[in-house]
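Each chain, letter by letter, is given below.
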Amino acid sequence: MYNKRKNRPLLTAFFLILATYFFFFWLPSTKTYRAPLTRPISRKDTIRHDAIRLGKVTERFPVAEYIPLPKVSANIPRIQHNFPRETRSERKARLKKRDAVKEAFLHSWNGYKDYAWMRDEVKPSTGGYQDTFNGWGATLVDSLDALVIMGLDDELQLALEALEEIDFTTTRSKQVPVFEIIIRYMGGLIAAHDLTGGKHPILLRKAVELGEMIFNAFDTHNRMPQLRWEWTRSAQGAEIRPSSRTSLAEMGSLTMEFTRLTQLTGNPKYYDAVQRIMNELEIGQDQTRIPGLWPTWINTNLMTFDDSEFTIGGCADSAYEYLPKEHILLGAQKGKYHKMYEKAIKAFSDNLLFRGMTKDEDQHILFASNVIALRGDSKSSRYEPDHLKCFMGGTVAIGAKIFNRPEDMYLARGLTDGCVWAYDAMPTGIMPEVFTVSHCKHIDNCPWDEEQWMSDVISQTIDTKEDREKAEGRIHAEHLPPGVTSVRDASYKLRPEALESLFVMYRITGDKTLQDSAWRMFKNIEKATRTNFGHSSISDVRHSEPKHEDKMESFWLAETLKYLYLIFSEPDHISLDDYVLSTEAHPFKRPKS
């Protein structure tokens, strides 16, 4: 009896210590992770002293007078939903999911930091590295604002120190992909600057250093940039020319970064450079084979728009995304972006939009086709969703709010739900890169027709038993879920677009089922892509244990995981009424009205 009483205080103390441990270490944390910080080794090669550097270059085609930046902002309608206060249990569940995303981010970030620091990408399966975007540390710079958003202050400090070693005046690459460099590097620098309130001068200084270099790509006879820029020719004073075949996305998706750089520095030349592009696109919008839309490929040397291919997917996507977003960034002072958007959304709805046929007839899932427009009125459609088109739901939702088009929210939700359906339909729970589906003849009336689906699979009517067996054989061999007729590219490249639309739709509607979809998608992506040193793209989403491709693009950290983190963050964290996010998910501070 005496021994039991003697041990009771010890047991009480033990349980108090245990309870304290669980309280502080197992509840979801809202602060920075304080794990031991490993200082990475600089893996930057020493650049030869005799390397070509692009310093101050005398322009061959200087601008006589810059287009001025609009100075005054107008009121823009509120975008975000008025969220009610959440319960304690709701908050605990949400933070647990948010911190699971943060852990995935840190796993990939640490793999990059340990095995590819200051290189462009880590190889997440083998621990190697590769330089895909001029060797300036694409993952490091692209992830700067994600480090701020997730409260990873110590990691941010390491990244800021590394920025001092990056020299944007030279590269080992023969060409500079202007679009990719602007959205990844400049976007990351500017967003981190905006999110930290200018606390770290190096961020804007490096953005200007990069802007000064890239500006030389616009020194052509018509001031249209050479987007696969032969930078050494510019460095040596030789002439460069725009391409006769340039993608719409590369041309139309430079506005936000250069506009924000002018807003921050007061130097008008950056805004002038991109506004000249948009002036040409505005003129050309009504001169294409589908007026209102631009073709996927443009002759920027002659500024003609006669190509026959139309899509809102790869090589075109972000040009449409930037119409409402540039309108926001300019404080609604340029009515042209409103007009261009309304022309584009009408032409899109009339020519590219279609409904996918599914077994659940209550599912109103929408997709965008690709169209070949021949001369005259002849058109042919490919009912081919792809992951890059999944941004459109979020873009249409933003347009619906800021341009007072509430009827478009139905369209925005249908496009978002189409991509969620494509995730859920696959064995891995992950959407393939490119696939085709059976389309509905009428967007509002679409009963399931198994015979039609089988006909679409083999591109012929099912007239005989052999035809049916042929269709069934192909469905089995290619692992096609009901409604899907082929999978052109079964890979998943860690893309963010579907989660981007879920984030935007959630912030606009407050519908928690969108969070449920995002969590389901995250768990499936995490399971299929996690490797020893990060997360890897996978080769085939139709197999439950897909092969890793040892590839982790910078947008995995800069976009995909950032959108997931924000979906499970407080709604006022990076509010859409305070920031506008670039095509690389970089938040730029909105001007105040």
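Just so you know, these numbers come straight off a predicted model, no measurement behind them. (Residues numbered from 1 in each chain as written. Predicted model: local features only at pLDDT ≥ 70, side-chain atom pairs only at ≥ 80, totals over all residues. Heavy atoms only, no water.)

(A) Expanded view of the sheet that holds strand β10 (residues 370–373). Read from one edge to the other, the open sheet built from 3 strands follows the order β7-β10-β11, with strand pairing classed as antiparallel. Both outer strands of the open sheet, β7 (309–310) and β11 (379–382), are each paired with one neighbouring strand and no more. Pairing between β7 and β10: 2 bridges, direction antiparallel. Looking at β10, one finds that F310 is bridged to V371. (Pairing = 2+ DSSP bridges. Helix = DSSP H or I, 4+ residues; strand = E, 2+ residues; numbered from the N terminus.)

(B) Looking closely at the packing of helix α19 (residues 512–529) against helix α20 (residues 555–567). Look at α19 against α20: their axes get within 9 Å of each other, and the N-to-C directions meet at 140 degrees. By the angle between their directions, the pair α19 and α20 is classed as oblique. Note on packing geometry: the crossing formed by α19 with α20 is left-handed. Contacts between α19 and α20 involve Q515, A518, F522 and I525 from the first element and W556, L561, L564 and I567 from the second. Among the residues making up the contact of α19 with α20, the classes are represented as 7 nonpolar, 1 polar and no charged. (Axes fitted to C-alpha atoms, helices over the stretch in contact; angles between N-to-C directions. Parallel < 35°, antiparallel > 145°, perpendicular 65-115°, else oblique. Left-handed = near helix turned anticlockwise from the far one by under 90°. Contact = heavy atoms within 4.5 Å. Nonpolar A, V, L, I, M, F, W, Y, C, P; charged D, E, K, R; others polar.)

(C) Region of interest: the nonpolar core. Counting residues in each nonpolar core, the largest one holds 183 residues, and the members touching the most others are L140, L144, L163, I214, W229 and F348. The element contributing the most residues to this core is helix α6 (residues 178–195), with 12 residues. Filtering out sequence-adjacent residues up to four positions away, F348 remains in contact with L293, I312, L353, A368, M392, L411 and L415. (Core = buried A, V, L, I, M, F, W, Y, C linked by side-chain atoms within 4.5 Å. Buried < 20%, exposed > 50% of the residue type's maximum accessible area, 1.4 Å probe, protein only.)

(D) How the structure looks around the UniProt feature "binding site: Ca(2+)" (unreviewed entry) in the protein chain. In the numbering used here, UniProt assigns the feature "binding site: Ca(2+)" (unreviewed entry) to T583. With respect to the helices, strands and loops of the structure, T583 is situated in the loop between β16 (579–581) and β17 (587–589). Classification of T583 by relative accessible area gives buried; the value is 12%. The contact partners of T583, leaving out residues within four places of it in the chain, are I183, S318, E321, Y322 and E559. Of note is the side chain of T583, whose polar atom sits 2.9 Å from the side chain of E321. (UniProt positions renumbered as here; feature names shortened; annotations may be inferred. Polar contact = N/O pair within 3.5 Å; in protein donor to acceptor, adjacent residues only side chain to side chain.)

(E) Structural detail: the pairing of β10. Summarising the sheet, β10 and β11 pair through 4 bridges and their orientation is antiparallel. Its bridge partner lying in β11, A373 is registered against K379. In textbook terms, the turn of a hairpin is the stretch between consecutive antiparallel strands, and for β10 and β11 this stretch comprises 5 residues, one of which, G376, has a positive phi near 85 degrees.

(F) Up close: the environment of Q226. For Q226, the location among the structural elements is in the loop between α7 (201–214) and β4 (228–229). When the C-alpha atoms of Q226 and D99 are compared, they prove to be 43 Å apart, with 127 residues separating the residues in sequence. Engagement of the side chain of Q226 in a polar contact is seen with the backbone nitrogen of E230, the distance being 2.7 Å.

(G) Up close: the side chain of S569. Tracing the backbone through its elements, the reader meets S569 in the loop between α20 and β16. Judged by its relative accessible area of 2%, S569 falls in the buried class. A polar atom in the side chain of S569 sits 2.6 Å from the backbone oxygen of Y565. Apart from residues lying up to four places away in sequence, S569 is in contact with R94 and R98.

(H) The arrangement of the UniProt feature "active site" (unreviewed entry) in the protein chain in detail. The UniProt feature table records "active site" (unreviewed entry) at E180, D317, E433 and E497. Relative to the helices and strands, D317 resides in helix α12 (residues 317–329). Given the relative accessible area of 12%, D317 is considered buried. Here D317 is in contact with A249, I312, L388 and F391, once residues within four sequence places are set aside. Among the secondary structure elements, E497 is positioned in helix α18 (residues 497–509). Here E497 is in contact with H387, L388, C390 and F391, once residues within four sequence places are set aside. Within the local environment of E497, its side chain forms a polar contact with the side chain of H387, the two groups lying 3.2 Å apart.

(I) Examining the pairing of strand β12 (residues 434–437) more closely. Side chains of β12 alternate between two faces, with V434 and T436 and F435 and V437 buried alike. Two elements, β12 and strand β13 (residues 484–489), share 4 bridges in a ladder whose sense is antiparallel. Counterpart to T436 in the pairing with β13 is S486.

(J) Structural context of the confidence of the model for the protein chain. Looking at the protein chain as a whole, its pLDDT mean stands at 92, while 91% of the residues score no less than 70. Within the model, the stretch residues 1–10 combines pLDDT values under 50 with 0 contacts to residues more than four positions away or in other chains. A low-confidence stretch, residues 16–37 stays under pLDDT 50, and its non-local contacts, those more than four residues away or across chains, total 27 contacts. (pLDDT = per-residue confidence, 0-100.)

(K) Local environment of the state of the cysteines. Overall, the coordinates contain 2 disulfides when judged by the stated rule. A sulfur-sulfur distance of 2.1 Å marks the disulfide that ties C390 to C419. In this structure the cystine formed by C390 and C419 twists about its S-S bond by roughly -100 degrees; its chirality is therefore left-handed. In this pair, C390 sits in the loop between β11 and α14 (392–402) while C419 sits in helix α15 (residues 409–425), placing the two residues 29 residues apart along the sequence. We note that C390, like C419, is buried. Residue C440 pairs covalently with C446 via a disulfide, S to S 1.9 Å. Between C440 and C446 the sulfur-sulfur dihedral comes to about -70 degrees; the bridge is accordingly left-handed. You'll find C440 and C446 in the same group, each marked buried. (Disulfide = S-S within 2.5 Å.)

(L) Geometry of the side chain of T196. You can see T196 is positioned in the loop between α6 and α7. Judged by relative accessible area, which is 19%, T196 ranks as buried. Beyond its immediate stretch of four places on either side in the chain, T196 contacts V148 and L203.

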